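Given next are the chains, with one letter for each unit.
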Amino acid sequence: MSAPPRVLTVAGSDSGGGAGIQADLKTMLALGVHGMSVLTAVTAQNSLGVQGAWELPVEAVRAQYRSVVDDIGVQAVKTGMLSSAELVEAVADLIAGTDAPAVVDPVGVSKHGDPLLAASALDSVRTRLLPVATVATPNLDEVAQLTGVRVEAEDDLRRAARAVLEFGPRWVVIKGGHLSGDAVDLLTDGSEEHWLRAPRHDNRHTHGTGCTLASAIASELAKDHPVPEAVKTAKSYVTGAIASGFALGTGIGPVNHAWNLPRPR
Ligand SMILES: Nc1ncnc2c1ncn2[C@@H]1O[C@H](COP(=O)(O)OP(=O)(O)OP(=O)(O)O)[C@@H](O)[C@H]1O
Ligand SMILES: Cc1ncc(CO)c(N)n1
């Protein structure tokens, strides 16, 4: 059997298994790539929120990255929770030295509003991390934090995308998941525009949707698909996973990462 494409996630652990590293690796398995991980932080987290978070030392992050890239090699990298300015800058430098596309999910806060990135790290995300991104995938809160643009309706998505592109990612997906109506995202590189529209599933199984979308994009890029095709496949995957999510705990439950497999749970 030949080796599947290899994808590396650089992100935090979600003890509840719905977001972070756990969501990333499940997505990668479901999309047929070999998932690998660099842990940046550990969170005590469940369906109700984040009860605690502990960062790893920057040397531990660099060492994990080098172990994976120098021996196994990667066809795509995805970043999630990076916690501090020091980690953002270290990871940006590592990505800059890696010959593979990078999907940057500039994680700022959890679905419950718990901070996953220090306010003092925002400038490093703007000036160091976004410039090395092949695709950046901010949600509307992250767009507001990074650019000051407040998106209240679909019509504002284009202005938000332009503001994020100013920081240098090659492509941006503005996730309209927090608007009402259809779940509409805008993918653009400043010249092409792709509007990705899916029906909104009015359920509570949306913990980790952003991590899942970004990991799915990275998985499809690792298979050598062009960015628009990769993002369209990723959008279908996350939509199906939300539609078949399940209740867990008493708060916001996870998506069903296995929904597309021959024997879904
Ligand atoms: N209720 C929903 N029904 C259908 N699609 C949704 C729904 N909520 C979000 N999405 C889609 O899921 C993807 C992730 O968007 P979202 O805005 O939820 O990310 P996020 O806030 O970064 O997620 P998280 O912080 O939980 O990882 C987008 O494609 C968005 O349109
Ligand atoms: C560890 C982690 N990363 C990312 C998110 C974003 O949803 C989360 N809730 N937890």
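Let me begin by describing the structure that accompanies this report. Quantities reported herein were computed from a predicted structural model and do not represent experimental measurements.

Calculation notes
- Here, residues in each chain are numbered from 1, in the same order as that chain's written sequence.
- Whichever chain is written first becomes A and whichever ligand is written first becomes 1, with later ones labelled in order.
- Two thresholds apply to this predicted model, a pLDDT of at least 70 for residue-level local features and 80 or more for giving and counting side-chain atom pairs, whereas whole-chain, interface and lining totals are computed over all residues.
- Excluded from the side-chain calculations are hydrogens and water; all other atoms, namely the structure's heavy atoms, are used.
- Angular values range over 0 to 180 degrees, each being the angle between N-to-C directions of two axes fitted as lines to C-alpha atoms, with helices fitted over their stretch in contact.
- Starting at the N terminus, helices and strands are each numbered in turn, a helix being any DSSP run of H or I of at least four residues and a strand any DSSP run of E of at least two.
- An angle counts as roughly parallel when it lies under 35 degrees, as roughly antiparallel when it exceeds 145, as roughly perpendicular when it falls between 65 and 115, and as oblique in every other case.
- Take the far helix as the reference: if the near one is turned anticlockwise from it by less than a right angle, the crossing is left-handed, and if turned clockwise, right-handed.
- Residues count as neighbours in contact if any of their non-hydrogen atoms are within 4.5 Å of one another.
- Any residue that is not Ala, Val, Leu, Ile, Met, Phe, Trp, Tyr, Cys, Pro, Asp, Glu, Lys or Arg is counted as polar, Gly included; the first ten are nonpolar and the last four charged.
- The rule is simple: take the accessible area with a 1.4 Å probe, protein chains only, and divide by the maximum for that residue type; under 20% is buried, over 50% is exposed, in between is partly exposed.
- When DSSP finds at least two bridges between two strands, those strands are taken to pair.
- A right-handed crossover is one whose linking path, passing over the helix from the first strand to the second, runs clockwise when the strands point away from the viewer.

## A word on the packing of helix 7 (residues 209–222) against helix 8 (residues 227–243)
Line of reasoning, step 1. The N-to-C vectors of helix 7 and helix 8 enclose an angle of 140°; their axes lie 8 Å apart at closest approach. As the angle between them shows, helix 7 and helix 8 are arranged oblique. For the crossing formed where helix 7 meets helix 8, the hand is right-handed. Facing helix 7, whose interface residues are Thr209, Thr212, Leu213, Ala216, Ile217, Glu220 and Leu221, helix 8 presents Val227, Ala230, Val231, Thr233, Ala234, Lys235, Tyr237, Val238 and Ile242.
Line of reasoning, step 2. Split by residue class, the contact of helix 7 with helix 8 holds 11 nonpolar, 3 polar and 2 charged.

## Let's talk about the pairing of strand 4 (residues 76–79)
Line of reasoning, step 1. Neither face of strand 4 is left uncovered, since the one carrying Ala76 and Lys78 and the one carrying Val77 and Thr79 both have all their residues buried.
Line of reasoning, step 2. By the bridge criterion, 4 bridges tie strand 1 (residues 6–14) to strand 4 in an arrangement that is parallel. From the neighbouring strand, Val7 faces strand 4, where its bridge partner is Ala76.
Line of reasoning, step 3. Looking at chain direction, strand 4 and strand 5 (residues 102–104) are connected through 3 bridges and run parallel. Bridge pairing in strand 5 places Lys78 opposite Val103.
Line of reasoning, step 4. Crossover connection from strand 4 via helix 3 (residues 85–96) to parallel strand 5: handedness right-handed.

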